[in-house]
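One letter stands for each residue in the lines below.
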Amino acid sequence: MLKLIGSRLATAVPSLIGVVIVTFMLTRVLPGDTAAYFAGPAATAESIAEIRTKLGLDKPLPAQFVDYVSALAKGDLGSSLSTGQPVAAEISARLPASAELTLAGLVLALAIAVPFGIMAAVKQGSWVDHACRLITTAGVSLPVFFTGLLLVYVFYFKLGWAPAPLGRLDVFFSAPETVTGFYLIDSLIARDFETFRAALAQLAVPAITLAIFALAPIARMTRASMLSVLSSEFVRTARAAGLTDTTVIITYAFRNAMLPVVTTLGMVFSFLLGANVLVEKVFAWPGIGSYAVEALITSDYAPVQGFVLAMAILYVVLNLLIDIAYGIIDPRARSEA
Amino acid sequence: MNRREFVKSASATAVVTGTGVAAPAVFSSAQAQARNETLLIVSESGPNNLDIHGVGTNVPGYEASWNTYDRLITHEMTEKDGVRYYDRDKLKGELAEDMNIGDMSVTFKLKKNATFQDGTPVTAKDVKWSLDRAVSVGGFPTFQMKAGSLEKPEQFVVVDDHTVRVDFIRKDRLTIPDLAVIVPCVINSGLVQKNATEKDPWGLEYTKQNTAGSGAYRVTKWTPGTEVVFERFDDWKGGPLPKIKRVIWRMVPSAGNRRALLERGDADISYDLPNKDFVELKQAGKLNITSVPYSNGVQYIGMNVKNPPFDNLKVRQAIAYAIPYQKIMDAALFGLAKPMFGAPADAQTQVAWPQPTKFVTDLAKAKQLLAEAGYPNGLETTLSFDLGFAGVNEPLCVLLQENLAQIGIKTTINKIPGANWRTELTKKVLPLFTNVFSGWLDYPEYFFFWCYHGNNSIFNTMSYQSAAMDAFIDAARASAANGDKAAYDANVKGMVDLAFADVPRIPLYQPYVNVAMQKNITGYEYWFHRRLDYRAFQKG
């Protein structure tokens, strides 16, 4: 297992180096002029030049790259111009917010989609199957910002059940002491149940929005892979041997059908991080996606580079986790590594 | 004060007064009390720097600076069309208790009891250090100071602990008003110098994150991109103690949600909603909606007069007659703007800016002018706008494109992202575009100096060059400084007439600053910087 992790991490190094170079080049090729943007509405050519010198943007590209890499080696991702903060601090403060939301959405989607997919496969052609098809098609065809706005309109504006879409906590609550950065966990650690409830209430609607989006691939993949497993010989043998339906479906069929579902899960997680950008905008969620988009709009290089790098690392870790999960689910995958 | 303390203090009050209400009611009354002293503002974007002297401080950052720092002087309030409006011509002391204007200098006596938020007294040394900083850090603050002929540290002289003199390098009517804008704020020099480094002698890194002023509010919490929390400074000496104890400014990127928050009564104020939302909210009547035209600001259609075809006056006039002015007012702005077109043919030129042109939509005339200019079969060009303000710019440009097509001008619309817009403007190559300019200092010659003068500042987006125009502008500035009213009036009229005759840019309208507030919020004040002043707000 350790060897597997080691070799996986070793293959990730070249791709991370590639990411560093490519993001640096890409941000420089963007047509915007950072200095002109930040010189303000009443800038003269001299004041733009002054700002350019201050930001080190007047140096030749190779020199800028050396500056960037040597700072990066010291763990310094630079400072964002649009928020004025060091990028590393911003990302570490915002990543938990995005992660909490994404994971909540994913767990919710799993909890609904997997049983739904299994039922649809077992009772193929029944009303459950049709409902599954309908809901997943709707979920994947509605853009997330639309679902988000719709849910806000219904649950906050019309019914008043959900709290105001004002980010992670209501204005009159203070954040729990940071341990993990996940408000739900931190508030439980602090035994502050009121804050827990408030954080959960804020999280509910955006998490549902994400879950609706993530339902489709998980449910469809569960259904398809269950179907192929259910028609395989060992299931027929199990049924012939007189095992109960539950044992056949859950113990034998589902375990074997899980591999493609786990693979999909990895992909869905990365989709969700993308969808997050829009959901964060709608719910004023102080996450990493909205941060990166704003930075991109203002040609603010450092956060864009930091964001892409953080995401690259996240994907490497995610893929590693999925590989390990493979090994646990299917011993054959372990020996192949 | 956090929520728990609120609950505690409120339960204590309940016990003392013996009202004996049930626990949940106590909790909600505590929240109600907290809400009554707290103002919740929602807007699209927040500050990137709390100090206006910082590198690249954005416009929301100006609002933070305005409310947390004091200036030597500020404007009196007056009323204009039912809205409290700053009085351009009447100044009063903020940190200064007395202002004595001499021939070539102005002397300020500081309020003796004024202190910074950390308790240290405000002295003349702090004032000089702050003004020195404004003219030395470069970039926007230094540029703004220059606009009032405040250029060198030697101009700021400490007379004694509580007296400062500002020497003039030349006579300029804008020097005194320029001391009342946001930039010349007074900073706690001792505190900032303690936190300055060799690389950063002016302590810009410290003031980026921390407020070090004597203003009515201080920032107690700032999460960039998410929220800013202001608490009242109870020892403020700059004016009457504000009623609002705490201001929470939350960034809500989605306009639809900002509107929902307002309509549900969860947010108190929002000021950057789309025009359509403002109109609908106004009609619904549940909220107070205030719309005030930008002072000294105009949205216009600009043309590059250096290159063909717009180097030809007749082509420019043709465009001016082809613009669907009223359609733009109705469909792009929903009526929320002040028209700057269609003045009656016999109207006299005013000594004022902005003022409407005499242009109206007349396609036949436009076609004829185009033919006279030598383009009977029309021409092709691109029409550019800033995507950062697409909500208004896009429908505006589409409407214009339609009308231009009718007189044979084929246009391709060029959408330029916000980050690139200024770069493109600086290059001065866009043939046809729409843009807004507005100046903090509300004087016609100030506007014309930046937008029409041959020294070709970045805002002379048309590259317009005219010796006659330069003469008018320079003469207007000189006569304003000398107080020669007759000459001044003649020159302002001269420059306005010439600008409308040569039409390098076609004024469309004066945009509105739209603010939506709950009915129980009063005290909104319009300032030249167009941001919110928290100090006068009241709730209840």
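What you are looking at is a predicted structure, and each value in this text was computed from that prediction instead of being measured. (Residues numbered from 1 in each chain as written. Chains lettered and ligands numbered in written order. Predicted model: local features only at pLDDT ≥ 70, side-chain atom pairs only at ≥ 80, totals over all residues. Heavy atoms only, no water.)

Below, the discussion takes up the interface of chain B and chain A. The figure often quoted for interface size is the accessible area lost as the parts come together. Across the contact, 47 residues belong to chain B and 49 residues belong to chain A. Roughly 4,100 Å² is buried in total at the junction of chain B and chain A, and carbon and sulfur atoms are behind 58% of that figure. Applying the counting rule to chain B against chain A returns zero salt bridges. For the interface between chain B and chain A, the tally reads seven residue pairs in polar contact (both at pLDDT 80 or more). Only helix 1 (3-17), helix 2 (23-37), strand 1 (38-43), helix 5 (139-146), helix 8 (204-209), strand 12 (246-251), helix 9 (255-263) and helix 15 (418-427) of chain B provide two or more residues apiece to the side of chain B that touches chain A. Residue contributions to the side of chain B that touches chain A peak at five residues, all from helix 15 of chain B. Tallied by class, the residues present in the side of chain B that touches chain A amount to 21 nonpolar, 16 polar and 10 charged. (Contact = heavy atoms within 4.5 Å. Buried area = accessible area lost by both parts, 1.4 Å probe. Salt bridge = Lys/Arg side-chain N within 4 Å of Asp/Glu carboxyl O. Polar contact = N/O pair within 3.5 Å; in protein donor to acceptor, adjacent residues only side chain to side chain. Helix = DSSP H or I, 4+ residues; strand = E, 2+ residues; numbered from the N terminus. Nonpolar A, V, L, I, M, F, W, Y, C, P; charged D, E, K, R; others polar.)

The feature "transmembrane region" (unreviewed entry), as given by UniProt, occupies residues 12-30, 101-122, 134-156, 199-219, 257-279 and 307-329 of chain A in the numbering adopted here. Structurally, residues 257-279 of chain A is divided into 100% helix and 0% strand, and its ends, taken at the C-alpha atoms, are 31 Å apart. (UniProt positions renumbered as here; feature names shortened; annotations may be inferred.)

All names here are of chain B. All told, the structure shown has 31 aromatic pairs over all chains when counted by the stated rule. A ring pair is formed by tyrosine 85 and tyrosine 526, whose centres lie 4.7 Å apart and whose planes are at 20°; its orientation type is stacked. Within this pair, whereas tyrosine 85 is found in strand 4 (residues 83-93), its partner tyrosine 526 is found in strand 22 (residues 525-526), the two being separated by 441 residues in sequence. Both residues of the pair, tyrosine 85 and tyrosine 526, count as buried. Linked through ring pairs, Tyr62, Trp66, Tyr85, Tyr86, Trp440, Tyr526, Trp527 and Phe528 together constitute an aromatic cluster. (Phe/Tyr/Trp six-rings, centres within 6.5 Å; stacked < 30°, edge-to-face > 60°. Buried < 20%, exposed > 50% of the residue type's maximum accessible area, 1.4 Å probe, protein only.)

Quick look at the pattern of salt bridges now. Residue and element names in this part refer to chain B. As enumerated under the stated definition, the model contains 33 salt bridges over all chains in all. Here glutamate 94 and arginine 535 are joined by a salt bridge, their closest N and O atoms 3.1 Å apart. Taken together, the residues span a long stretch of sequence, with glutamate 94 in the loop between strand 4 and strand 5 (96-101) and arginine 535 in the loop between strand 22 and strand 23 (538-539) at a distance of 441 residues. Across the pair, arginine 535 and glutamate 94 agree in class, each one buried. Among the ionic pairs, lysine 539 bridges to aspartate 268, the shortest N-O distance being 2.8 Å. With a gap of 271 residues between them, lysine 539 in strand 23 and aspartate 268 in the loop between helix 9 and strand 13 (269-270) connect regions that are remote in the sequence. You'll find lysine 539 and aspartate 268 in the same group, each marked buried.

All names here are of chain A. Between helix 5 (residues 87-122) and helix 6 (residues 127-141), the shortest axis-to-axis distance is 8 Å and the interhelical angle comes to 135°. One way to sum up the angle between helix 5 and helix 6 is to call them oblique. Crossing hand, helix 5 versus helix 6: left-handed. Side by side, helix 5 and helix 6 meet where Phe116, Met119 and Ala120 of the first sit next to Val128, Asp129, Ala131, Cys132 and Ile135 of the second. Residue composition of the contact of helix 5 with helix 6, by class: seven nonpolar, no polar and one charged. (Axes fitted to C-alpha atoms, helices over the stretch in contact; angles between N-to-C directions. Parallel < 35°, antiparallel > 145°, perpendicular 65-115°, else oblique. Left-handed = near helix turned anticlockwise from the far one by under 90°.)

Turning next to helix 3 (residues 45-55) of chain A. All names here are of chain A. Those residues of helix 3 lying buried are Ser47, Ile48 and Ile51. For helix 3, the angular spread of the buried residues around the axis is 105°, confining them to a single face. In helix 3, the exposed positions angled more than 90 degrees off the buried face are occupied by Ala45 and Glu46. Looking one or two residues beyond helix 3, the residue adopting positive phi is glycine 56, at roughly 75°. (Arc of directions from axis to C-beta.)

It is worth spelling out the side chain of threonine 68 of chain B at this point. For threonine 68 of chain B, the location among the structural elements is in helix 3 (residues 59-68). Reaching out from threonine 68 of chain B, the side chain makes a polar contact with the backbone oxygen of alanine 64 of chain B at a distance of 2.6 Å.

All names here are of chain B. The amide bond that connects proline 308 to the next residue, proline 309, takes the cis arrangement and shows omega of 5°. In this structure, proline 309 sits in the loop between strand 15 (297-303) and helix 11 (313-322). Cis geometry is found at the peptide bond from tryptophan 353 to proline 354, where omega equals 0°. Along the chain, proline 354 falls in the loop between strand 16 (337-339) and helix 13 (363-372). Even without a glycine there, the phi angle at phenylalanine 334 is positive, about 55°.

As paired elements, strand 5 of chain B and strand 6 (residues 105-110) of chain B share five bridges and run antiparallel to each other. Paired with asparagine 100 of chain B across the strands is threonine 107 of chain B, a residue of strand 6 of chain B. (Pairing = 2+ DSSP bridges.)

On to the sheet that holds strand 22 of chain B, then. All names here are of chain B. The three strands lie next to each other as 3-4-22, forming an open sheet whose pairing is mixed. In this open sheet, the two edge strands, each paired with only one partner strand, are strand 3 (73-80) and strand 22. Bridge count between strand 3 and strand 4: seven bridges; the pairing is antiparallel. When the sheet's bridge partners are listed, histidine 75 is paired in strand 4 with leucine 91.

Right, let's talk about the domain arrangement of chain A for a bit. Residues and elements named next belong to chain A. One can read the domain layout of chain A as domain 1 (1-74) and domain 2 (90-334). Summarising the inter-unit geometry, the C-alpha centres of domain 1 and domain 2 are found 32 Å apart. With 22 residues of domain 1 at the interface, the matching set in domain 2 holds 14 residues. Both faces considered, domain 1 and domain 2 share a buried interface measuring about 1,700 Å² in area, 76% of it formed by carbon and sulfur atoms. At the junction of domain 1 with domain 2, the criterion picks out zero salt bridges. Put simply, domain 1 and domain 2 have zero residue pairs in polar contact (both at pLDDT 80 or more) between them. (Domains from an automatic or database assignment.)

Here we take up the domain arrangement of chain B. Residue and element names in this part refer to chain B. Assigned domains within chain B: domain 1 (38-251 + 518-539) and domain 2 (298-512). With 21 residues of domain 1 in contact, the opposing surface of domain 2 contributes 13 residues. Together domain 1 and domain 2 conceal approximately 1,500 Å² of surface at their shared face, both sides included; 64% is due to carbon and sulfur atoms. In terms of surface lost to domain 2, no three residues of domain 1 exceed Arg88, Arg173 and Leu174, which account for 39% of the buried area on that side. Residue arginine 173 pairs with glutamate 445 through a salt bridge whose shortest N-O separation is 2.8 Å. Linking domain 1 with domain 2 are four residue pairs in polar contact (both at pLDDT 80 or more). Only strand 4, helix 5 and helix 6 (175-178) provide two or more residues apiece to the side of domain 1 that touches domain 2. A breakdown of the residues in the side of domain 1 that touches domain 2 according to their chemical character gives 12 nonpolar, two polar and seven charged.

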